[in-house]
2 protein chains.
Amino acid sequence: MQNKKKWVKNQQPIRYNNQKQVIDLMRSGSQSCSDIAKATGLSNTAAENIVDEMVEMGVLVKGPITDYGKLGRRPIKYKLNGELGVVVSVDLTDRDLLICISNMNRQILFRSEVKNIIMITEQILNDIVEIIKEGLQKPGISDKPLLCICFAIPGYFNKDTGEFLLANRIENCREVNIKSLFSEIFGCDILLQKDIISGVIGEMQFGVLSTLQAKNALFMHFDINIASAFIFDGKMYEGDHGFAGETGFFMPNMSDPAKGLGIYVSLTAIFINIIEKIKKEKLSHPLAGKEVLEFDEVKLLFLSGDETVCSVVKLTAKKLALHFLNINYLLDITHVVLDGRIVELGEKFLEYVNTYLKKYNQGMSEVKVQYSDLMNRAITLGSISSAVDSQIDKILRARN
Amino acid sequence: MQNKKKWVKNQQPIRYNNQKQVIDLMRSGSQSCSDIAKATGLSNTAAENIVDEMVEMGVLVKGPITDYGKLGRRPIKYKLNGELGVVVSVDLTDRDLLICISNMNRQILFRSEVKNIIMITEQILNDIVEIIKEGLQKPGISDKPLLCICFAIPGYFNKDTGEFLLANRIENCREVNIKSLFSEIFGCDILLQKDIISGVIGEMQFGVLSTLQAKNALFMHFDINIASAFIFDGKMYEGDHGFAGETGFFMPNMSDPAKGLGIYVSLTAIFINIIEKIKKEKLSHPLAGKEVLEFDEVKLLFLSGDETVCSVVKLTAKKLALHFLNINYLLDITHVVLDGRIVELGEKFLEYVNTYLKKYNQGMSEVKVQYSDLMNRAITLGSISSAVDSQIDKILRARN
């Protein structure tokens, strides 16, 4: 009797794990049972059983027959059931807040932005509610149930209660509970995810990290603020409390512990240093007299070779390179992926960084820095993915 | 036929993994089959089969009957077969090189030191050969085969070839090949392990890390040099090339990238700063006029409250605290274990560190620093353990 119970207990997670493995495969497109058997090492029969189970659950559906196998046989391919419902991702990371609605195949059906937001106030949250409501009425969306809203949050919070611990850009963050607020209005699951974690998930599933197959990597979001995330042994690392990667607090100068890395390395740092340099050196410069800079004007001046802008950006590249070397000394990580609007500074910025990486490397392994190829949308793609995964997982768990 | 092959292929690792799990249990003392069944979730029959297999291989033996079970039945306990052979550990980390010979139960049967060595020359390596030869002739050792010598190395090397990449304390390190040198003389397996990795293994198996059961931890060896190692998700982390933890290169001041952390934080740094402070401030001080300091004299002055020594140590504690906070910001690690002779500075030094941890923490989770309780022998215990494990693994693999 005891043995019997154990058998049942052990078999369940295996079935669940096999199902999850098949779902993971579906990310790269529709799959036939023999594709699945080949990729997972399962027997054809086992793969067919798993697919049948998940078709019955409504998680998978037959895909279109696109290619013809050997001997003219048409292999039936399966894909995630896009019609199960829709999910919403709300990316609160940067100045332009991005709201997307996607189906379960991670195809974006609706997108809208709230532009140039510094503080996320109650009013802004209400605007987001209205945008989601508007999106949910669009054709192709309105006929499907809303399953989940995933927020990519620039800050720290208690995952279970949704209470904020630290979130500088959210007004009265300790009194705001996005989780209960949106749950009440939309009656669906609400997922909060640290923005940088969404970013890594996006990058691992769709971006350069998925092609690199790097064992260990540093992912850095470099925009008005900076944040980092680490991949160790192929898995996302979150730390003791999910707070890993708080690069903004990191003190790059022991002699001045009040200044975090973000004060030296961020778009904000670049803007402030340009303004100060112009003032201090009394330069006649296209940006002279401005107290607030726009990214686009700085970018254009950088790309056209403006001396003042280039020298400030170069200094930032130097500090960024020193930070990457430090990370490499500590963690022996050679792969770095940069995301955020810094990507728009192109190869020229990467060359600066590489020059300093070479100059200061003390004979350790080379650090390879590259840009995210997700056009600054790793975070949104990651939160859509997390929302979809959480819903599939919910269905699988309920049936296992 | 294909299925049959798969079955065999999959069953082998399971049997091997079960055997390894039983071996791991034996670390904490001898175990009966029902102890093993309880701890592993295996059935009694399965546990008995595994134990029988390993007794037959010579890996396990019946231990002494020490306690009486319920109803007067005497449970037969098993333990690792200490008589299988002996292993040697050679700890090259600090100034006093330590050579130990242990049986397979990790009991040290012989120990000898080569004192106060700065550079490890060919002569020193020959001295080590002679010490090992001497030890191998001792009663209780001479009747057992030598299975493995494990070196804990302060530096980097290619694990397979044994070639050094960087090892400042080993003379002509690029021409020295410890692996082939000792292999030729002793005809046994030679294992090279980065010293700090040996330290973490010792700490995880015997020390505070075994009792803490921390998911994530930083282990720092703080002696004439410093080195670190990380535990992530309960496992040792080695990085892309096994180079993780190169804290000595870490640049704690971006404005002065030539200076590594070891220049600010190490016993060497403390010694140099004391000498400089006495010179600069022209102090009449017990250490005045000395160009080289001994750890013991510095320690006594620190513990007796000498103002000059205390102020230098305090500054070191501050820098160490800032480094731990940085590690916490990056990696959300709250547990830090300190090893090396710094441990001898006792609670007073920890209080200094804690004061600065509190002072500079920007509202993130608290960092808890504690000393290793292995009396500065984590590295030796870890390399003995690695040597023993490698030999048991060799036997298991040969039979699976």
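Being a predicted model, the structure only gives us computed values, none of them experimental.

Turning our eyes to something else, we now look at the pattern of salt bridges. Side chains that differ in sign of charge can pair as their charged atoms come close. All names here are of chain B. A full pass over the atoms with the stated rule returns 36 salt bridges over all chains. We note a salt bridge from Glu83 to Lys144, for which the minimum N-O separation is 3.7 Å. Taken together, the residues span a long stretch of sequence, with Glu83 in the loop between β3 (77-80) and β4 (86-91) and Lys144 in the loop between α4 (122-136) and β7 (146-153) at a distance of 61 residues. Glu83 sits in the exposed class, given a relative accessible area of 52%.

A separate point is the nonpolar core. Of all hydrophobic cores here, the largest spans 118 residues; its most connected members are Phe324, Leu331 and Phe349 of chain A together with Phe324, Leu331 and Phe349 of chain B. With residues near it in sequence (within four places) discarded, Leu331 of chain B still touches Phe230, Phe232, Tyr237, Gly239, Ala244, Gly245 and Leu331 of chain A together with Phe230 and Phe232 of chain B.

What follows deals with the relation of the copies chain B and chain A. Once turned by 180° and shifted 0.0 Å along the axis, chain B lies on chain A with an RMSD of 0.1 Å. Such a combination of rotation and displacement between the chain copies is what one expects of a two-fold axis. It is Asn253 of chain B whose C-alpha, among those of chain B, lies nearest the rotation axis, at 2.2 Å. Take the interface residues of chain B: 100% of them recur as interface residues in chain A, which is what a same-surface contact looks like.

The geometry of an aromatic ring pair comes down to the distance between the two centres and the angle between the two planes. Applying the stated criterion to the full structure yields 24 aromatic pairs over all chains. Aromatic side chains Phe182 of chain B and Phe186 of chain B sit 6.1 Å apart centroid to centroid with 15° between the ring planes, which places their arrangement in the stacked category. Note that Phe182 of chain B and Phe186 of chain B are positioned in helix α5 (residues 178-186) at a spacing of 4 residues, about one turn of the helix. The two residues Phe182 of chain B and Phe186 of chain B agree in class, both being buried. An aromatic cluster of at least three residues, connected via ring pairs, comprises Phe230, Phe232 and Tyr237 of chain A together with Phe230, Phe232 and Tyr237 of chain B. The ring of Phe302 of chain A carries Lys348 of chain A above its face, with NZ or CZ at 4.5 Å from the centroid.

Looking now at the environment of Lys299 of chain A. Following the sequence through the fold, Lys299 of chain A ends up in helix α10 (residues 295-303). Separated by 162 residues in the primary sequence, Lys299 of chain A and Gln137 of chain A have C-alpha atoms spaced 38 Å apart.

On to the environment of Thr45 of chain B, then. Residue and element names in this part refer to chain B. Tracing the backbone shows Thr45 in helix α3 (residues 44-57). On the basis of relative accessible area, Thr45 is assigned to the exposed category, the value being 53%. Taking the C-alpha atoms as reference points, Thr45 and Cys33, separated by 12 residues in sequence, lie 8.6 Å from one another.

On to the packing of helix α9 (residues 267-280) of chain A against helix α11 (residues 307-331) of chain A. Packed helices, taken two at a time, are described by their axes: the angle between them and the distance between them. All names here are of chain A. As a packed pair, α9 and α11 sit with axes 9 Å apart at the nearest point and diverge in direction by 135°. If you check the angle between α9 and α11, you find them oblique. As for the relative orientation of α9 and α11, their crossing is right-handed in sense. Together, Ile270, Asn273, Ile274, Lys277 and Ile278 of α9 and Thr308, Val309, Ser311, Val312, Val313 and Thr316 of α11 make up the contact between the two elements. Grouping the amino acids of the contact of α9 with α11 by side-chain chemistry returns 6 nonpolar, 4 polar and 1 charged.

Before going further, it helps to examine the sheet that holds strand β15 (residues 368-371) of chain B. All names here are of chain B. Read across the sheet, 5 strands follow the order β13-β12-β11-β14-β15 without closing on themselves; strand pairing throughout is mixed. Every other strand in the sheet has two partners, leaving β13 (235-237) and β15 as the edge strands with one partner each. Along the sheet, successive strands turn relative to each other by an average axial angle of 25°, direction set aside. Two elements, strand β14 (residues 335-339) and β15, share 4 bridges in a ladder whose sense is parallel. Across the sheet, residue Val336 finds its bridge partner in β15, namely Val369. In the packing of helix α11 (residues 307-331) onto the sheet, the strands contacted are β11 (217-222), β12 (226-232), β14 and β15, and the crossing angle to β11 comes to about 155°.

If you trace the backbone, Glu297 of chain B turns up in helix α10 (residues 295-303). In contact with Glu297 of chain B, other than residues within four places in its own chain, are Leu287, Lys290 and Val292 of chain B.

We now examine the environment of Gln362 of chain A. Mapped onto the fold, Gln362 of chain A is located in the loop between α12 (346-360) and β15 (368-371). The spacing of Gln362 of chain A and Leu325 of chain A is 37 residues in sequence and 9.0 Å in space, taken between C-alpha atoms. If sequence neighbours within four positions are ignored, Gln362 of chain A has contacts with Tyr329 of chain A together with Phe249 and Pro257 of chain B.

This next bit is on helix α13 (residues 378-399) of chain B. Structural remark: α-helix, 3.6 residues per turn; residues separated by three or four positions point the same way. The terminal C-alpha atoms of α13 of chain B, which comprises 22 residues, lie 31 Å apart, in line with the 32 Å expected from a rise of 1.5 Å per residue. For α13 of chain B, the buried fraction is high: 16 of the 22 residues fall into the buried class.

Let's shift gears to the interface of chain B and chain A. Listed as interface residues are 48 residues of chain B and, on the opposing side, 48 residues of chain A. Summed over both sides, the interface of chain B with chain A buries roughly 4,300 Å², with 60% coming from carbon and sulfur. On inspection of chain B and its partner chain A, the count reaches 0 salt bridges. Looking at side-chain class alone, the side of chain B that touches chain A contains 23 nonpolar, 17 polar and 8 charged residues.

Taken domain by domain, chain A consists of domain 1 (2-80), domain 2 (84-200 + 378-399) and domain 3 (212-371). A separation of 43 Å is found between the C-alpha centroids of domain 1 of chain A and domain 3 of chain A.

Conventions we followed
Residues numbered from 1 in each chain as written. Chains lettered and ligands numbered in written order. Predicted model: local features only at pLDDT ≥ 70, side-chain atom pairs only at ≥ 80, totals over all residues. Heavy atoms only, no water. Salt bridge = Lys/Arg side-chain N within 4 Å of Asp/Glu carboxyl O. Helix = DSSP H or I, 4+ residues; strand = E, 2+ residues; numbered from the N terminus. Buried < 20%, exposed > 50% of the residue type's maximum accessible area, 1.4 Å probe, protein only. Core = buried A, V, L, I, M, F, W, Y, C linked by side-chain atoms within 4.5 Å. Contact = heavy atoms within 4.5 Å. Least-squares fit on C-alpha atoms with pLDDT ≥ 70 in both. Phe/Tyr/Trp six-rings, centres within 6.5 Å; stacked < 30°, edge-to-face > 60°. Lys NZ or Arg CZ within 6 Å of the ring centre and 35° of its normal. Axes fitted to C-alpha atoms, helices over the stretch in contact; angles between N-to-C directions. Parallel < 35°, antiparallel > 145°, perpendicular 65-115°, else oblique. Left-handed = near helix turned anticlockwise from the far one by under 90°. Nonpolar A, V, L, I, M, F, W, Y, C, P; charged D, E, K, R; others polar. Pairing = 2+ DSSP bridges. Expected span 1.5 Å × (residues − 1). Buried area = accessible area lost by both parts, 1.4 Å probe. Domains from an automatic or database assignment.

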